[in-house]
Amino acid sequence: MKKTHLVLALGATLLGLSAQAQTVLKIGYSNALTSHYGMGAVAFCEEVDKGTQGRYKCQQYPNNALGGEREMIEAVQLGTQDLANVSTGALGNFVPEVKIVDIPFLFRDYDHARKVMDGPIGQDLLKKMTAKGIVGLAWTENGFRHITNSKRAINSAEDARGLKLRTMENKVHMDGFKTFGVLPTPMAWPEVFTALQQGTVDGQENPIPVILSNKLSQVQKYLSLTNHVYSPAVLVLSPSVWNKLSDADKGVFQEAARKAAAVQRKKVNDDESVAVAELRKDGMQVVEKVNGESFRKAVAPAYAQFAKEFGADKIAAIQAVK
């Protein structure tokens, strides 16, 4: 009998140790599990699970289940949320240096943008997050942003004048839109669909994968492929988790984040290759050949302010990357 008790006690102890050895991480993001954000997060979690032999697993919280991006970043700082996959639009309110990448027409194309984010400039921006209580693991991606609205087709900057557009709570974006004559209306993402539906705002601006995964074609008639801002995203981790990791596990997390970035970027590419036809099928009128020069000309005066804020040399360094 005593032997049986001993075996049971030993079994209970081993189960307890096993339970203690496994850590479940909460990861949140704004879009659906099947979106580019979701696919990046899933790829990261699979790699972490595999790389730590199941000692770290993730629980997914898509569709703003843990709050908007601002709330998620705050929770990561506080340690009440472990991970988030978020855009720079919200992150810039916590780490002002990253707002430089939100300057309109700063990046030529995806190749240019990805080289900047993966190179010394992007890696230096990741390091800036540490002082703000955020561990930046790797740059993921949102994509180039485009304008949708319910009023009229936008072929040039002049056509956007007077439209009330939802923007992120991001001063750089808002300053850029003001140069187009747009009335920027900052609003948390969870509120946007209803605001578009009710006509509180005329339109919004986002990358194609966001427009597609959030079914904005149901509440917006016009899409103009303005490519006005490249929007990176980033996988951020709470320092309370990072500081407990061994050096080996830190390497696993960083490599997992890099693989997640590749998956997320591929999803952006895949979505963009098919989405315009799909959005047309859903009833949207799409302007593919927007007069980009009219937008660049309109935003040019704002570059003087951006140069004062971020440094003309830093803007030039980004533009010079080949």
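Summarised in this report is the structure supplied together with it. (Residues numbered from 1 in each chain as written. Predicted model: local features only at pLDDT ≥ 70, side-chain atom pairs only at ≥ 80, totals over all residues. Heavy atoms only, no water.)

## Focus on the pairing of strand E9 (residues 230–237)
Our working definition: Relative accessibility under 20% of the residue-type maximum defines a buried residue, over 50% an exposed one, and the middle range a partly exposed one, all with a 1.4 Å probe and only protein chains included. A helix here means a DSSP run of H or I that spans at least four residues, while a strand means a run of E at least two residues long, and both kinds are numbered starting from the N terminus.
Most of E9 sits inside the fold, with eight of its eight residues counted as buried. Burial along E9 is two-sided: the residues Tyr-230, Pro-232, Val-234 and Val-236 and Ser-231, Ala-233, Leu-235 and Leu-237 are all buried.

## Here we look at helix H2 (residues 36–51)
We apply this condition: A helix is expected to span 1.5 Å for every residue after the first. Here a polar contact is taken to be a pair of N or O atoms separated by no more than 3.5 Å, where protein atoms must pair a possible hydrogen donor with a possible acceptor and residues adjacent in sequence count only if both atoms sit in side chains.
Compared with the 22 Å implied by 1.5 Å per residue over 16 residues, the 22 Å span of H2 between its first and last C-alpha is a close match. Buried residues of H2: His-36, Tyr-37, Gly-38, Gly-40, Ala-41, Ala-43, Phe-44, Cys-45 and Val-48, and no others. N-cap assignment for H2: the residue whose side-chain oxygen lies 3.3 Å from the backbone N of Tyr-37 is Ser-35. Positive backbone phi, approximately 55 degrees, marks Gln-53, located one or two places after H2.

## What to know about the packing of aromatic side chains
Selection criterion: Centre distance within 6.5 Å is the pairing criterion for rings of Phe, Tyr and Trp, where only the six-membered ring of Trp is used; planes under 30 degrees apart are then read as stacked, over 60 as edge-to-face, and the remainder as tilted.
Scanning the entire structure with this criterion turns up nine aromatic pairs. The interplanar angle of 70 degrees and the centroid separation of 5.4 Å between the aromatic rings of Phe-107 and Tyr-230 together place this pair among those described as edge-to-face. Here Tyr-230 lies in strand E9 and Phe-107 lies in the loop between helix H4 (88–91) and helix H5 (110–118), a separation of 123 residues in the sequence. As far as burial versus exposure is concerned, Phe-107 and Tyr-230 are alike and both buried. Between Tyr-110 and Tyr-230 the ring centres are 6.1 Å apart and the planes differ by 85 degrees, which places this aromatic pair in the edge-to-face class. In this pair, Tyr-110 sits in helix H5 while Tyr-230 sits in strand E9, placing the two residues 120 residues apart along the sequence. Three or more aromatic residues link up through ring pairs in this structure, and these residues are Phe-107, Tyr-110, Phe-144 and Tyr-230.

Everything listed here is a matter of geometry and, on its own, says nothing about what the molecule does.
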